[in-house]
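Here are the chains, one letter per residue:
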Amino acid sequence: MEVIIMNGNQITAKTSSSLKWSTITEIMAKLITPIVSIILTKLIAEEFFGIVSSILMLITLMEVFSAYGFCNAVIQKKFKDEAAMKKAQNVAFTVNACLSIILFIILLIASEPLTVLMVNDVKYQLAFIVLATQIVIFGFKSVPEAVLKRLFQFKRLFIIRIITALSSLLIAVPLAFVLPNELKFWAIVISAVAPELLKMMLLFTISKLKIRFEFSKLVFKELLGFSMFNLLGGIIVWAISWVDFFFVSFSFDAASAGEYRQPIIQLVQIFSLVEAAVLPVALSALARLKNNKEELARVFYRFQQIT
């Protein structure tokens, strides 16, 4: 896929189309995901949901550090030309991929004590390691996804999101039915990792992005300066999402933690529909129009009316 520098009018036109596809994506994904959650809740003990959530609490924090805010830099930063933009995307991809591998290795080495710390039972160490692979997957897929958002390729993201949402349904539910009770736990683990792995592969195949490993100290410093506040923002968002569960998981048993977490996840998915549909398009559009005050104001007020 060719990377194109767009002018203000092109960005405004792309925004309308992208908002439509983003909204359709979120509505369909939000319909599929609760169905999977409801079915799994009926088939699998609440204790297992609590255990997986406790592990994911740490994994998602590591994902924040593996991205290091570079994804938002790829979406929002203004580049002087197409060559500079491609180079920045390659550097961001290289740094994210390498950082995610390093973090995964650290978690792999410390998996036994961390498993005991998070779920108080070493028998879930293998599940911890499998869930930790999401950090590497996230490190490889985050920049390609950010590039598609920058280019307003939300139709392609729609296709990828729907396929991965359906894969979760097709993987988790059959596993929950066929596995014996003591192994049903793995239906949750596999349904968390497999769709993300599929999404990573689809991002490279459907998008046809020509991203490669490349490093430049100068570009890295520029991205680093742009990304510091994004990293801080990511940590704050993580804390808002997980701080309550942190106290619940360390104060009660896994079954109580799972019983607490599942309804919250379903409610957040429903109430975040508008935000999830509008925010990615708004960030891409407003960041690109910051030097065009007239178009910026017009697009901004339009997003205000929508939300």
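The structure displayed is predicted, hence computed values, not measured ones. (Residues numbered from 1 in each chain as written. Predicted model: local features only at pLDDT ≥ 70, side-chain atom pairs only at ≥ 80, totals over all residues. Heavy atoms only, no water.)

Visitor: Help me out: how do you make sense of the overall build of the protein in this one?
Guide: Looking only at helices and strands, one finds 12 helices and 0 strands in the protein. Buried residues in the protein amount to 49% of all 307 residues. Total accessible area on the protein is roughly 15200 Å²; 68% of this is exposed by carbon and sulfur atoms. (Helix = DSSP H or I, 4+ residues; strand = E, 2+ residues; numbered from the N terminus. Buried < 20%, exposed > 50% of the residue type's maximum accessible area, 1.4 Å probe, protein only. Areas by Shrake-Rupley, 256 points an atom, 1.4 Å probe, with all protein chains shown as cover.)

Visitor: Hey, could you run me through unusual backbone geometry in this one?
Guide: What you tend to see is this: most non-glycine residues have negative phi, and most peptide bonds are trans. At N120, a position not held by glycine, the phi torsion is positive, near 60°. Mapped onto the elements, N120 comes out in the loop between α5 (111-119) and α6 (125-150).

Visitor: Can you help me understand the pattern of salt bridges in this one?
Guide: Pairing between side chains of opposite charge can happen when the charged atoms of each approach one another. Applying the stated rule across the entire model yields 5 salt bridges. A salt bridge links K86 to E82; its shortest N-O distance comes to 3.5 Å. Taken as a pair, K86 and E82 lie in helix α4 (residues 82-109) at a separation of 4 residues, close to a single helical turn. Taking relative accessible area as the criterion, K86 reaches 33% and is therefore assigned partly exposed. Given the relative accessible area of 27%, E82 is considered partly exposed. Across the pair R212 and E214 runs a salt bridge whose closest N-O atoms are separated by 3.4 Å. Each of K141, E145, E196 and K199 takes part in salt bridges that share partners, so that together they form one network. (Salt bridge = Lys/Arg side-chain N within 4 Å of Asp/Glu carboxyl O.)

Visitor: Sorry, what's going on with the side chain of S53 here?
Guide: Structurally, S53 is set in helix α2 (residues 46-67). In this structure, S53 is in contact with W242, F245 and R261, ignoring residues within four places of it in sequence. (Contact = heavy atoms within 4.5 Å.)

Visitor: Sorry, what's going on with the nonpolar core here?
Guide: Note that soluble globular proteins tend to have their nonpolar side chains buried in a common cluster. Ranked by size, the top nonpolar core spans 74 residues in total, and within it I44, L107, L131, F185 and L223 carry the most contacts. The dominant element in this core, judged by the number of residues it contributes, is α2, at 12 residues. In this structure I44 touches F49, A176, K184, A187 and I188, once residues within four positions along its chain are discounted. (Core = buried A, V, L, I, M, F, W, Y, C linked by side-chain atoms within 4.5 Å.)

Visitor: Sorry if this is basic, but what is going on with helix α7 (residues 154-178) here?
Guide: Because each turn of an α-helix spans 3.6 residues, side chains separated by three or four positions in sequence point in the same direction. The end-to-end C-alpha distance of α7 is 36 Å, a good match for the 36 Å that 25 residues give at a rise of 1.5 Å each. Among the residues making up α7, those that are buried are F154, L157, F158, I160, I162, T164, A165, S167, S168, A172, V173 and A176. (Expected span 1.5 Å × (residues − 1).)

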